[in-house]
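# Close look at the chain arrangement
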Amino acid sequence: MRPILDIAAALDLHPDVLMCYGEHMAKLRLSALPKKEAKSKGKIILVSAINPTRSGEGKTTVSIGLAQGLARIGQRVALALREPSLGPIFGVKGGGTGGGRCQLEPSTRINMHFTGDLHAIGAAHNLLAALLDNAIHFRSELDLEHRQVFWRRVLDVNDRALRQTVIGLGGRLNGVPRETGFDITAASEVMAILCLSEDLTDLKARLGRILVGFDRAGHPVTAQSLQATGAMAALLQDAILPNLVQSTEGVPAFVHGGPFGNIAHGCNSVIATRTAATCADFAVTEAGFGFDLGAEKFFDIKCRSSGLWPSVVVLVVTARALRIHGGGDPASPGLIQEIERGLAHLEHHVHSVRAFGFEPIIAINYFEGDTQQELATIEKGCTQLGLTAALFTGYTDGGAGAEALAHAVIAVAAQPTPPVRYLYDLDSPPEEKIAAVARTIYGASHIEFSRTARKDLERIRSLGYDQLPICIAKSHLSLSGDPTLGSHPSKFTLPVESVRIAAGAGYLLVLTGDIVTMPGLPHDPAAYRIDLSDDGEIMGI
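Residues numbered from 1 in each chain as written. Predicted model: local features only at pLDDT ≥ 70, side-chain atom pairs only at ≥ 80, totals over all residues. Heavy atoms only, no water.

### Notes on the domain arrangement of the protein chain
Quite often, the size of an interface is put as the accessible area lost when its parts meet. Considered domain by domain, the protein chain is made up of domain 1 (4-106 + 240-414), domain 2 (117-236) and domain 3 (430-512). For domain 1 versus domain 3, the distance between C-alpha centres works out to 26 Å. Along the contact surface separating domain 1 from domain 3 lie one salt bridge. With a shortest N-O distance of 2.7 Å, K474 and D292 are connected by a salt bridge. Those elements that provide at least two residues to the side of domain 1 that touches domain 3 are α10 (291-306) and α12 (336-354). Of the residues belonging to the side of domain 1 that touches domain 3, the class tally is nine nonpolar, nine polar and six charged. (Domains from an automatic or database assignment. Salt bridge = Lys/Arg side-chain N within 4 Å of Asp/Glu carboxyl O. Helix = DSSP H or I, 4+ residues; strand = E, 2+ residues; numbered from the N terminus. Nonpolar A, V, L, I, M, F, W, Y, C, P; charged D, E, K, R; others polar.)

Right, here's the structure in full:
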């Protein structure tokens, strides 16, 4: 690794604007952050994917490799990526900084605590929860109805046992007993607020708007009315500053914020993306899990809020993901017909990208064991769809394995950027916004609202929140809300179970199917393989 001061110098960032965390990590000070009104010189490259397998399809690896490929052919480039959550690190994935020769460095430090951003977000979120229960305990003038409180607590570890809890037990001194639960920190509205805020002023305004519950008269209670805004913002003093690290080959990387794509909006911070696009000619960012989740929200939530807009969209595909969407086993090669059937799934995502005015570049992420016949079948399918495709071997070859993809990106970026286009208008009813996403992006034929969801929408209209954009939480393993339905399901119904108001983040969170906001650990968690050596080095990530 190169010293972080050298990485910053490559972007013309002076040491005075850095807050260093050792030799290889830093944060940018407030004075160095670009203003929203400033015109970004760089072009934004959005990397997303088809619906992945449970192990992921290398979206982060491709993003890092693409940036390294662009750097190898002489381009000034920076990355803008999400921070890893401890949940997946100890759960299925075992790490969230890329892989092979396309990683963020120092990878272990980034995976484990990094600069403390997620802990600060969790502390700010839980402080609001504590102030809320304190107001109930002391019967403040807010006159909170404890059965109408929906602000839960958060933890950055997968723990299914905490999804539903009862607090305040043990007598009057311990508060008022009530049902609540925990979400993972990546699903916290405070995380979304941090990632969508433009500056400290915007951050505090958004924190103040957080809706935590209702009083006995049915009036909304916010973080501002609980006098929590200032203390929460103080906890986020450093967390709002983007982190600067580097890739395996020394490409600067702004790594900041980490909302999940299935239960939140799935994009890194506006501040980091804008900074990358200001400091470099190309800013490579990603949104996931698949295009149906993070990328749709990138356009309809992040871009709408920030005014940012990409120049190129890259869609990551793998043989194993196409195999599972074609009805096969993702772990082992099978019939080539499985890949051919899986191409219908890719075609659906291509139509979704085109809904925003883009022709995607297909990055075929090579995994060991992929056969030439499988790769040729994918390339042929892309050609038949009129798409540019490039084989990506960055995991083993680093930037050299991404040069073909980099050249394809430059060719598309040289063309006029597609005009801004969203899936729905903000003044449309929430039901129509949900239908626009469900039908256009997921392919649903019907949307079914539960009784709870209908009551939620009635309250949303009465409170004037019906003009907010929507953020749909659903399974990342399928276009539908059912993780067992792979490929390209048709004539399915998307069940909407409830709708939460995220007034601070500025969207309505639509929960579908059996989606949960606190994941559980798998049967064989990655935590079993993580250890600390006798010389103090972390192993197994």
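After presenting the structure, the write-up continues.
### Remarks on the UniProt feature "binding site: ATP" (unreviewed entry) in the protein chain
The sites that UniProt annotates as "binding site: ATP" (unreviewed entry) are T53, R54, S55, G56, E57, G58, K59 and T60. Following the sequence through the fold, S55 ends up in the loop between β3 (43-49) and α2 (59-72). For S55, a relative accessible area of 48% corresponds to the partly exposed category. When sequence neighbours within four positions are dropped, the list of residues in contact with S55 reads K93 and R320. Inspection of the secondary structure puts T60 in helix α2. In this structure T60 comes out as partly exposed when scored by relative accessible area, which is 21%. If we skip the residues at most four places from it in the chain, T60 touches L81, T97 and G98. (UniProt positions renumbered as here; feature names shortened; annotations may be inferred. Buried < 20%, exposed > 50% of the residue type's maximum accessible area, 1.4 Å probe, protein only. Contact = heavy atoms within 4.5 Å.)

### With respect to the pairing of strand β17 (residues 312-317)
Counted residue by residue, β17 has six buried out of six residues, so it is predominantly covered. Neither face of β17 is exposed, since V312, V314 and V316 on one face and V313, L315 and V317 on the opposite face are all buried. Where β17 and strand β18 (residues 361-365) come together, four bridges link them in parallel fashion. Paired with V314 across the bridge in β18 is I361. (Pairing = 2+ DSSP bridges.)

### Some thoughts on the sheet that holds strand β13 (residues 220-222)
If you trace the three strands from one edge of the open sheet to the other, you get β7-β12-β13, paired in antiparallel fashion. Looking along the sheet, the strands with just one partner apiece sit at the ends: β7 (144-149) and β13. Put simply, the sheet's adjacent strands are angled 50° from each other on average, direction ignored. Summarising the sheet, β7 and strand β12 (residues 211-215) pair through two bridges and their orientation is antiparallel. (Axes fitted to C-alpha atoms, helices over the stretch in contact; angles between N-to-C directions.)

### As for the sheet that holds strand β23 (residues 507-512)
Sheet architecture is open: four strands sit in the order β20-β22-β23-β21, paired in mixed fashion. Whereas interior strands pair on both sides, the edge strands pair on one side only; in this sheet they are β20 (446-449) and β21 (470-473). Adjacent strand axes in the sheet meet at a mean angle of 35°, parallel and antiparallel pairs treated alike. Pairing between strand β22 (residues 493-502) and β23: six bridges, direction antiparallel. Of the residues in β23, the one forming a bridge with S498 is L511. Contacting β20, β22 and β23, helix α17 (residues 451-463) runs over the sheet at an angle of about 40° to β22.

### Quick notes on the environment of G327
Tracing the backbone through its elements, the reader meets G327 in the loop between α11 (319-325) and α12. In this structure, the C-alpha to C-alpha distance between G327 and V47, residues 280 residues apart in sequence, is 26 Å.

### Comments concerning helix α13 (residues 372-384)
Between its first and last C-alpha, α13 extends 18 Å over 13 residues, near the 18 Å set by a 1.5 Å rise per residue. Of all the residues in α13, the buried ones are E374, L375, T377, I378, G381 and C382. Along the axis of α13, the buried residues cluster in a sector spanning 160°; they form a single face. Across from the buried face of α13, at angles greater than 90 degrees, the exposed residues are Q372, K380, T383 and Q384. Positive backbone phi, at 75°, marks G386, one or two positions downstream of α13. (Expected span 1.5 Å × (residues − 1). Arc of directions from axis to C-beta.)

### Considering the pairing of strand β4 (residues 77-81)
Two faces belong to every sheet, and in a regular strand the side chains alternate between them. Along β4, five of the five residues are buried, which leaves the element largely enclosed by surrounding structure. Side-chain alternation along β4 places V77, L79 and L81 on one buried face and A78 and A80 on a second face that is also buried. One ladder, built from four bridges, connects β4 with strand β16 (residues 282-286); its direction is parallel. If you follow V77 over to β16, its bridge partner there is F282. Sheet topology places β4 next to strand β15 (residues 252-255); three bridges connect them, and they run parallel. Bridge pairing in β15 places A80 opposite F254.

### Focus on the packing of aromatic side chains
Taken as a whole and assessed by the stated rule, the structure comprises nine aromatic pairs. Geometrically, the ring pair formed by W309 and Y422 is edge-to-face, given 6.0 Å between the ring centres and 85° between the ring planes. Of this pair, W309 sits in the loop between α10 and β17 while Y422 sits in the loop between α15 (403-413) and α16 (430-442); the two residues are 113 residues apart in sequence, bridging distant segments of the chain. Overall, Y422 belongs to the partly exposed group, its relative accessible area being 28%. Sitting over the ring of Y422, R304 keeps its end group 4.3 Å from the ring centre. The ring of Y442 has K474 lying over it, and the distance from NZ or CZ to the ring centre is 4.8 Å. (Phe/Tyr/Trp six-rings, centres within 6.5 Å; stacked < 30°, edge-to-face > 60°. Lys NZ or Arg CZ within 6 Å of the ring centre and 35° of its normal.)

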